[in-house]
Amino acid sequence: MCGLCGLLNDGSHWSDPLASTLPARQLRYARLKALNKVLTPYRLKLTDFQGSGYVLSSLTGRQEMVSNIDQLWRTAETLSGRTIDPLDPELLATLENHCASA
Amino acid sequence: MQAREKVDYSTLPVSVLTGFLGSGKTTLLQRLLAGQPAAETALLINEVGDVGIDHRLVSEVAPEVRLLPSGCVCCSIRGELKDALLELFTLRQQGELPPFKRILLETTGLADPAPILATLSHDSQLRHHLKLGQIITLVDAVNAELQQSLHPEWLAQVTAADRLIISKTDLTDQAALAATKQRLAGLNPTAEQLEAHQVIAGDDRLFATGARMEEDLHHATAWQYTLRRVANSDRTLASDALHGTTRTLSITLDDPLDWTHFGIWLSMLLRAHGDKVLRMKGILNIGKDQPPVALHGVQHVLHPPLHLHRWPDNDHRSQLVFITRGLEPTQIERSLTTFLATLAT
């Protein structure tokens, strides 16, 4: 637990950045940017919270704090009301369009 | 106090011995542990029912045996599994048990190994003291086909295995045995097969801590060998008629991949379809001049990535194998390539 803000830290996750030459904060923002590319089709946005957690927001203003990536997908399903599925053809088509227009 | 000074604090491997009811787990244990130096292996046995028969059968060869009392280890008593493992470890550290080198967990015939792995990997107390060794699955050569068709647990046990040991080979003919081996290779091409009569006391092949534990070149070679073997066969294998939806997909990626992007994709996939991804294994190139990273998971459970020391040869391509049930391999491949391309822009 963070002594200043009282946030619970539930430990490391396998998908956390591995050894890298980049500073931790830069890695964190790079990850945030990538996550938002996936969340945008679901009309969700993820922002950093104090460098220790994330806040997931919907367009209607609903917000939830998340502390790791597993929790993120669960919360994203709740806020969007949709199943978060990386095999969903619609999602893949949206991502491919994004890739083509970039 | 004297005992404490001698205790080593290295993490201990926990190997899991599983197999369907009547496949010969206890017989194998007796043979494996017979003649072994006393107190090298602590045994944890999980049985359904009030009377621990297996417990009595093996207690002569494994004095440090503990019994999990209340039924199947796979779901209802994960708390008890944790407590039993911690108790064993604590007694060892306190010098009340000999400093055994490994723990062997024999599951009930009906257990799905995935929740056991989840307990070992995710529990914040256990994961600092214990690490997963090998998953050894016994397959009854006589009844394999019947068990495969009737019991979903059988498939979970076979696909989760690092080693498949085929028992009762003397009760079946060569043609049937060859067919069973072929079927098993279709279901889990990453597991090495061994016949039960070939297992000797203290067999290194079963007591070795397994590729995921070691970081030397030999084990990097083993990882790559296994994955290439699958890649060199048909890239998308259907297992057989009985489990027509069980498929093996092998993906080779020529370019280094971004670990963060891959992690996003895989965490989404396992969250959405973990119950259909029976097994995954991979060796990844995460950047130029970076050592390879080995990955390994069963259903929803992915073990922490393992840094291998270096590539065994000049082939530095990432290789992934997925064994799936009810998922179309081409969908997975398309999804991965789309994610990696999109997130890199």
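That block above? That's the structure.
Residues numbered from 1 in each chain as written. Chains lettered and ligands numbered in written order. Predicted model: local features only at pLDDT ≥ 70, side-chain atom pairs only at ≥ 80, totals over all residues.

Colleague: Before we go on, may I ask you to explain the overall build of chain A in this structure?
Modeller: When helices and strands are tallied, chain A shows 3 helices and 3 strands. Helices and strands appear in chain A in the N-to-C order α-β-β-β-α-α. Per-residue burial for chain A yields a buried fraction of 21% across its 102 residues. A fraction of 31% describes how many contacts in chain A between residues 6 or more apart in sequence connect residues 24 or more apart. (Helix = DSSP H or I, 4+ residues; strand = E, 2+ residues; numbered from the N terminus. Buried ≥ 20, exposed ≤ 12 C-beta atoms within 10 Å, placed from the backbone. Contact = placed C-beta atoms within 7 Å.)

Colleague: So what exactly am I meant to see when it comes to the pairing of strand β4 (residues 102–106) of chain B here?
Modeller: On any regular strand, side chains alternate: one points to one face of the sheet, the next to the other face. Residues and elements named next belong to chain B. Among the 5 residues in β4, 4 count as buried, and that is most of the element. Relative to β4, strand β1 (residues 12–19) runs parallel, the two being bridged by 4 bridges. Bridging from a neighbouring strand, V16 pairs with L105 of β4. Relative to β4, strand β2 (residues 41–46) runs parallel, the two being bridged by 5 bridges. In the sheet register, L44 faces β4, and the bridge partner there is L105. (Pairing = 2+ DSSP bridges.)

Colleague: I'm lost on the interface of chain A and chain B in this one. Help?
Modeller: A common way to report how large an interface is uses the accessible area buried once the components associate. Across the contact, 25 residues belong to chain A and 28 residues belong to chain B. Where the side of chain A that touches chain B is concerned, the elements lending two or more residues are α1 (24–39), α2 (69–80) and α3 (89–101) of chain A. Considering each element in turn, the side of chain A that touches chain B owes the most residues, 6 residues, to α1 of chain A. Tallied by class, the residues present in the side of chain A that touches chain B amount to 16 nonpolar, 4 polar and 5 charged. (Nonpolar A, V, L, I, M, F, W, Y, C, P; charged D, E, K, R; others polar.)

Colleague: Whenever I open this one, α3 of chain A confuses me. Can you help?
Modeller: Note on helix geometry: an α-helix contains 3.6 residues per turn, so any two residues three or four positions apart are oriented the same way. Helix length check: α3 of chain A, at 13 residues, gives a terminal C-alpha distance of 18 Å against a target of 18 Å (1.5 Å per residue), a fit within 8%. For α3 of chain A, the set of buried residues is L91, L92 and L95 of chain A. The buried residues of α3 of chain A occupy one face: seen down the axis, they fall within an arc of 95°. Away from its buried face by more than 90 degrees, α3 of chain A exposes P89, E90, A93, N97, A100 and S101 of chain A. The elements touched by buried residues of α3 of chain A are α13 (329–344) of chain B. (Expected span 1.5 Å × (residues − 1). Arc of directions from axis to C-beta.)

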